[in-house]
Amino acid sequence: MNNYSLRSFIVHLIIGGLVFPFFQPFTVIAADEVPEIYLSTSAQVYTQGEAAVVIDSGATLLDTGSDLVTLIISITDFEGDETLAVDTGTGAILASNDGAGTLTLSGTGSVIEYQGLLQSITYENTDTNISTDTTRTISFQVMDEDLNFSAISTLDLSIVPLLSISTVDDDGTRFFVEGGPVIVDTNLLVTSSNGEIESARVEITNVQNSGNEKLSIHSYYYSGKGVTPSGNGTSLLTFSGTASSSTYQEILRNVMYEHTSNSPTYSPDRTVTMTVNDGITESEVSISTIGIESETYTAEVEIDDSTLTPGEDIDIEVVDGDGSTHSKIKDEVYVEVKNGSEEERVKLTETGVNTGVFRATLSAYDDEDCEDHDDYDHDDNGKLCTDKGDTIKVTYEDPVDEDGDEAEITATKVVAGSSSSSSTTTTTVKKEEEECTSSSAFPDTCDHSLAEYIEDLFDDGIVGGYADGEFKADNDVTRGQMATFVRRAFDLTSDTPGNCFSDVNETHTHYEDIILLCSLGITKGYADGTYRPDDPVKRDEVTKFVSLAMEKNGVIITDFDDHSFPDTPMENPFHEYISFLSTAEKDGIRVINGYKDGNFGPKDTITRGQMAKVISVSRAFVGM
């Protein structure tokens with residue numbers, strides 16, 4: 001039947017026994033399906049300066065009984081230097097671009113022909129002056145030969161600028177008046193198309209206590225790098241000098257805020273803005289917040305869990321009793337060497353002086369290294385020498401939240417002006433390292449506290465060592481490495497892997513494992529579309545990786561006794577996974593544990609040894 005068809009019906013009129021036929025014409029219009037467009041994604045990312053990218057390779061068209069004649073694709077907020085393009089080949093369908101953000105395909109063609117063209121449409125932006133994150137809306141509409149238009153389908157395309165600086169500290173930084181300088185944002189990101197930056201500007205835009213709110217940077221972070229600061233110690237800090245974007249990123253990640261007033265104004269939160277300039281373009285403004293707080297706390301001293309032998313160092317670090325972190329606590333630490341022979345000496349080094357960071361390092365070595373030097377005299381390397389039983393007093397400024405294990409060297413924190421100590425932790429110093437007799441696969445894990453878990457994963461082919469044969473259990477695990485560990489450990493597979501991230505391509509070592517975990521929904525990356533495979537993975541992120549991998553193996557991860565750490569309350573986005581793994585156990589061993597101070601430390605990094613324990617116990621829980 002044609003689309004429009006003439007019909008008629010007969011009406012019989014009877015008058016006085018006579019029949020009079022009456023003909024009434026009418027038109028029958030054939031029903032036709034309205035064409036439809038189905039997009040496979042609602043968002044796409046385009047990095048400024050890259051080649052044209054396909055907008056949606058999975059888009060589909062649907063129509064019944066008709067060919068298509070027109071497909072219109074438009075950038076509804078077109079700004080110039082943007083191109084929509086498609087290669088129509090030699091067919092009957094032609095493409096025209098009006099130069100104002102609209103690409104029109106016209107000509108009679110089948111649904112399949114138009115769908116193929118729809119899936120190959122590309123977007124490119126050659127504007128070199130974009131300096132802000134921008135989202136374009138791409139709209140699609142198709143018409144069939146019966147003049148039926150589809151509904152308009154849209155897709156948001158985010159443009160990542162060539163030059164940008166962005167804050168990552170969404171929750172803001174806290175400054176405690178009892179403390180000292182705090183870093184504004186340790187995770188901010190700086191990007192540049194040519195890899196270079198010429199200047200940067202950092203400013204407290206809403207100073208409340210003039211002259212007492214300051215921005216500063218220690219020379220360690222910029223010395224010898226071609227960058228010069230101006231205004232160090234004021235509310236406006238600028239940098240000049242051509243250097244790589246990574247150099248500027250490191251510098252800006254170490255800019256510190258300090259409030260020196262004895263009566264600070266607590267509200268409002270301070271706003272710190274940062275911009276970078278590549279000599280042509282000024283970046284968008286990155287905004288960080290600083291919350292001013294007052295808090296009473298008790299500091300504790302902790303020593304890390306390594307064993308000290310001649311030639312090795314051990315750090316003495318400080319953590320607050322309530323788990324909070326401050327930049328300066330002007331109290332004192334006494335370090336006492338309690339064991340060891342007279343031939344075994346310990347030297348103490350203060351590092352980071354006047355940087356807002358304190359770390360005291362003890363180093364064990366043979367007695368002859370301190371010959372002719374009395375206690376507290378310096379050796380030839382300028383380090384303090386002491387014998388067993390001696391007490392060394394140092395002043396610390398920066399508490400660092402680290403775990404500590406019990407052993408033989410004691411560091412005691414003493415409150416200033418008081419003879420009472422608040423905490424004591426210990427570690428071991430020994431003269432010689434005993435030969436390990438275990439059958440460890442790695443020479444450096446023989447006596448490691450987590451060796452059994454490392455061996456378990458090695459035996460199952462889940463982990464391997466470095467080129468030098470070592471495992472390096474205390475190295476941080478990257479997000480890329482974590483993807484590989486999880487995929488191997490839980491035998492994860494997917495029939496439809498696809499690259500979800502703008503910063504992960506086929507050349508990356510962990511590419512296949514990252515895209516596999518993405519396709520399974522185990523990881524979604526960051527809000528900007530990146531995965532950041534070379535960044536250290538955080539403890540809270542690990543709980544999500546492992547929990548969802550266990551779920552893929554049939555474990556019900558919502559079936560657990562709720563458990564919260566003080567620093568991971570219910571509103572924490574990873575609370576569910578942290579709570580599950582902190583209650584899941586096998587043979588009396590929990591998958592994860594908190595620190596001795598009761599906190600979990602969600603933003604701390606995880607070492608390869610710690611990762612081995614988490615995965616090994618998780619696999620046992622699953623029954624693998």
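All values reported here derive from a predicted model rather than from experimental measurement.

What counts, and where the lines are drawn
- Residues numbered from 1 in each chain as written.
- Predicted model: local features only at pLDDT ≥ 70, side-chain atom pairs only at ≥ 80, totals over all residues.
- Heavy atoms only, no water.
- Pairing = 2+ DSSP bridges.
- Helix = DSSP H or I, 4+ residues; strand = E, 2+ residues; numbered from the N terminus.
- Axes fitted to C-alpha atoms, helices over the stretch in contact; angles between N-to-C directions.
- Parallel < 35°, antiparallel > 145°, perpendicular 65-115°, else oblique.
- Contact = heavy atoms within 4.5 Å.
- Nonpolar A, V, L, I, M, F, W, Y, C, P; charged D, E, K, R; others polar.
- 1 Å grid on protein atoms, 1.4 Å probe; cavity = no way out; pocket = protein on both sides within 12 Å on 5 of 7 lines; lining within 4 Å.
- Points joined across faces, edges and corners; volume = space filled by probe spheres on them.
- Core = buried A, V, L, I, M, F, W, Y, C linked by side-chain atoms within 4.5 Å.
- Buried < 20%, exposed > 50% of the residue type's maximum accessible area, 1.4 Å probe, protein only.
- Disulfide = S-S within 2.5 Å.
- Left-handed = near helix turned anticlockwise from the far one by under 90°.

**Q** I would appreciate a short explanation of the sheet that holds strand β22 (residues 256-259) in the present structure.
**A** Adjacent strands of a sheet form backbone hydrogen bonds with each other and so pair up, either parallel or antiparallel. Across the sheet, three strands lie side by side as β16-β22-β19; this open sheet has antiparallel pairing. Because the sheet does not close on itself, it has two edges, and the strands there are β16 (182-183) and β19 (213-216).

**Q** Before we go on, may I ask you to explain the packing of helix α6 (residues 539-552) against helix α7 (residues 575-583) in this structure?
**A** Here α6 crosses α7 at 70°, and the two axes come no closer than 8 Å. Comparing their axes, α7 and α6 come out roughly perpendicular. Residue-level contacts link Asp540, Thr543, Lys544, Val546, Ser547, Leu548 and Met550 of α6 to Tyr577, Ile578, Phe580 and Leu581 of α7. Along the lines of polarity and charge, the residues of the contact of α6 with α7 split into seven nonpolar, two polar and two charged.

**Q** For this particular structure, what's the right way to read the layout of surface pockets?
**A** Rolled over the atoms, a probe sized like a water molecule indicates the empty space that remains. Of the pockets and cavities examined, the second largest pocket occupies roughly 220 Å³. Every residue along the wall of the second largest pocket is listed here: Val463, Gly464, Gly465, Tyr466, Gln481, Thr484, Phe485, Arg488, Thr509, His510, Asp513 and Arg608. A total of four residues in the lining of the second largest pocket trace back to one element, the largest contributor, which is helix α4 (residues 479-489).

**Q** Explanation requested: the nonpolar core in the structure shown.
**A** Nonpolar side chains in soluble globular proteins generally cluster together in the buried interior. Residues Met482 and Leu492 are the most contacted members of the largest nonpolar core, which totals 53 residues. Of all elements in the fold, only α3 (451-459), α4, α5 (511-519), α6, α7 and α8 (608-622) reach the threshold of two or more residues within this core. Grouped together as the second largest cluster of nonpolar side chains are 29 residues, Val227, Leu252, Tyr257 and Val276 included.

**Q** Got a minute to help me understand the state of the cysteines in this structure?
**A** In protein chemistry, a disulfide is the covalent bond that joins the sulfur atoms of two cysteines. In the structure shown here, the tally under the stated rule is one disulfide. The disulfide that involves Cys500 links it to Cys518, with 1.8 Å between the sulfurs. Between Cys500 and Cys518, the S-S torsion sits near -110°, and that sign places the bridge as left-handed. One end of the pair, Cys500, is in the loop between α4 and α5; the other, Cys518, is in helix α5, and 18 residues separate them in sequence. The class of Cys500 is partly exposed, set by a relative accessible area of 38%. Owing to a relative accessible area of 14%, Cys518 belongs among the buried residues under this scheme.

**Q** Is there a simple way to think about the packing of α4 against α6 in this case?
**A** Packed helices, taken two at a time, are described by the angle between their axes plus the distance between the axes. Where α4 contacts α6, the two axes come as close as 11 Å, and the packing angle between them is 20°. Judged by the inter-axis angle, α4 sits roughly parallel to α6. Once α4 is placed against α6, the crossing between them reads as right-handed. On the side of α4, the interface is formed by Arg479, Met482 and Val486, while α6 contributes Glu541, Val542, Phe545, Val546 and Ala549. Tallied by class, the residues present in the contact of α4 with α6 amount to six nonpolar, no polar and two charged.

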